[in-house]
Amino acid sequence: MSTSLSVRTAAVTLGLAALGAGAAVPASAAPAHLGYTGTSAEAAANEAFFQAVLESVAEKRAANPRSTAAVTVVYDASRAPSFSAQISRSTQIWNSSVSNVKLQAGTSGADFSYREGNDPRGSYASTDGHGRGYIFLDYAQNQQYDSTRVTAHETGHVLGLPDHYAGPCSELMSGGGPGPSCTNAIPNAAERSRVDQLWANGFAAALDKALQKSAR
């Protein structure tokens, strides 16, 4: 099994954190160790995933620009039934942690989805850059590491947060850096603040772009 959480954009697969043990890491994945700090390509992949979701939400809001409801990101969890409890808990954590964006379950018009299965590269977030992103939850990895933390961490990418492997267990986006004993699934104050900033300023910019497109 790969020792990393991964992000994939199109055909690019990249390791993110030290999660798992024992098997050789695929050539396309990043080396897995606690001192791993990531690459610029990984950062770009994380940003692409966030932008895809952001634009998907903005385009839907552009169809009803006078809506005063909170920005809502809709996810479809129907393809990850084994992780329904973890996904629900992750959603609760994020919805109680930030105010400018809310996650909501739904199968129609979802902005991203969750999937489950076996993958030697572990769990990852993936996007094709056109609002059809998904989070893949690997069985083996979620048995070795706290499953709610893995799910909440990957969902953090949907909301715009990058990895920071060198961070402490109290930092959700440190991923597997602190090791399998870390079970914290709650973003810290800095992570919460960053998500709120992104979904205030970033979403406003994406909405402006979507409105301009719809007016043409």
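The following paragraphs examine the structure supplied in this document. No experiment lies behind these values; they were computed from the predicted model shown.

A word on the overall build of the chain. For the chain, the helix and strand inventory stands at five helices and seven strands. Each helix and strand of the chain, ordered N terminal to C terminal, gives the series β-β-α-β-α-β-β-β-β-α-α-α. Each of the 216 residues in the chain was classed as buried or not, and the buried ones make up 51%. Residue pairs at least 24 apart in sequence account for 62% of intrachain contacts in the chain once pairs closer than 6 positions are excluded.

A few words now on helix H4 (residues 147-158). Helix length check: H4 (twelve residues) gives 17 Å between terminal C-alpha atoms against 16 Å at 1.5 Å per residue, within 8%. Among the residues of H4, those classed as buried are Ser147, Thr148, Arg149, Val150, Thr151, Ala152, His153, Glu154, Thr155, Gly156, His157 and Val158. Once H4 finishes, Gly160 follows within two positions and takes phi at roughly 110°, a positive value.

For the rest of this paragraph, the subject is the state of the cysteines. Enumeration over the complete set of coordinates arrives at one disulfide. Note on cysteine connectivity: Cys169 is disulfide-linked to Cys182, with sulfurs 2.0 Å apart. In this structure the cystine formed by Cys169 and Cys182 twists about its S-S bond by roughly 90°; its chirality is therefore right-handed. Pair noted here: Cys169 is in the loop between H4 and helix H5 (189-215) and Cys182 is in the loop between H4 and H5, with a separation of 13 residues, a long-range link. Here Cys169 falls in the partly exposed class, since its relative accessible area comes to 28%. Taking relative accessible area as the criterion, Cys182 reaches 5% and is therefore assigned buried.

Examined bridge by bridge, strand E3 (residues 71-79) and strand E4 (residues 101-105) share five bridges and lie parallel to one another. Considered in E4, the bridge of Val71 is made with Val101. Between the parallel elements E3 and E4, the chain passes through helix H2 (residues 84-97) in a crossover that is right-handed.

Bringing the pattern of salt bridges into the picture now. Should their charged atoms come close, side chains of opposite charge can pair. Scanning the entire structure with this criterion turns up one salt bridge. Asp119 serves as the salt-bridge partner of Arg121, at 2.9 Å between the closest nitrogen and oxygen. In this structure Asp119 comes out as buried when scored by relative accessible area, which is 9%.

Turning our attention to the side chain of Asn142. By the secondary structure assignment, Asn142 is in helix H3 (residues 139-144). The contact partners of Asn142, leaving out residues within four places of it in the chain, are Phe83, Ser123, Leu137, Ser147, Val150 and Thr151.

Right, let's talk about the side chain of Glu171 for a bit. With respect to the helices and strands, Glu171 occurs in the loop between H4 and H5. Despite its burial, Glu171 pairs with no opposite charge; the closest candidate is Arg149, at 8.2 Å N-O. Ignoring anything within four residues of it in the chain, the contact list for Glu171 reads Arg149, His164, Asn184, Asn188 and Glu191.

Calculation rules
- Residues numbered from 1 in each chain as written.
- Predicted model: local features only at pLDDT ≥ 70, side-chain atom pairs only at ≥ 80, totals over all residues.
- Heavy atoms only, no water.
- Helix = DSSP H or I, 4+ residues; strand = E, 2+ residues; numbered from the N terminus.
- Buried < 20%, exposed > 50% of the residue type's maximum accessible area, 1.4 Å probe, protein only.
- Contact = heavy atoms within 4.5 Å.
- Expected span 1.5 Å × (residues − 1).
- Disulfide = S-S within 2.5 Å.
- Pairing = 2+ DSSP bridges.
- Right-handed = clockwise from strand over helix to strand, strands pointing away.
- Salt bridge = Lys/Arg side-chain N within 4 Å of Asp/Glu carboxyl O.
- Lys, Arg positive; Asp, Glu negative; His and termini not counted.

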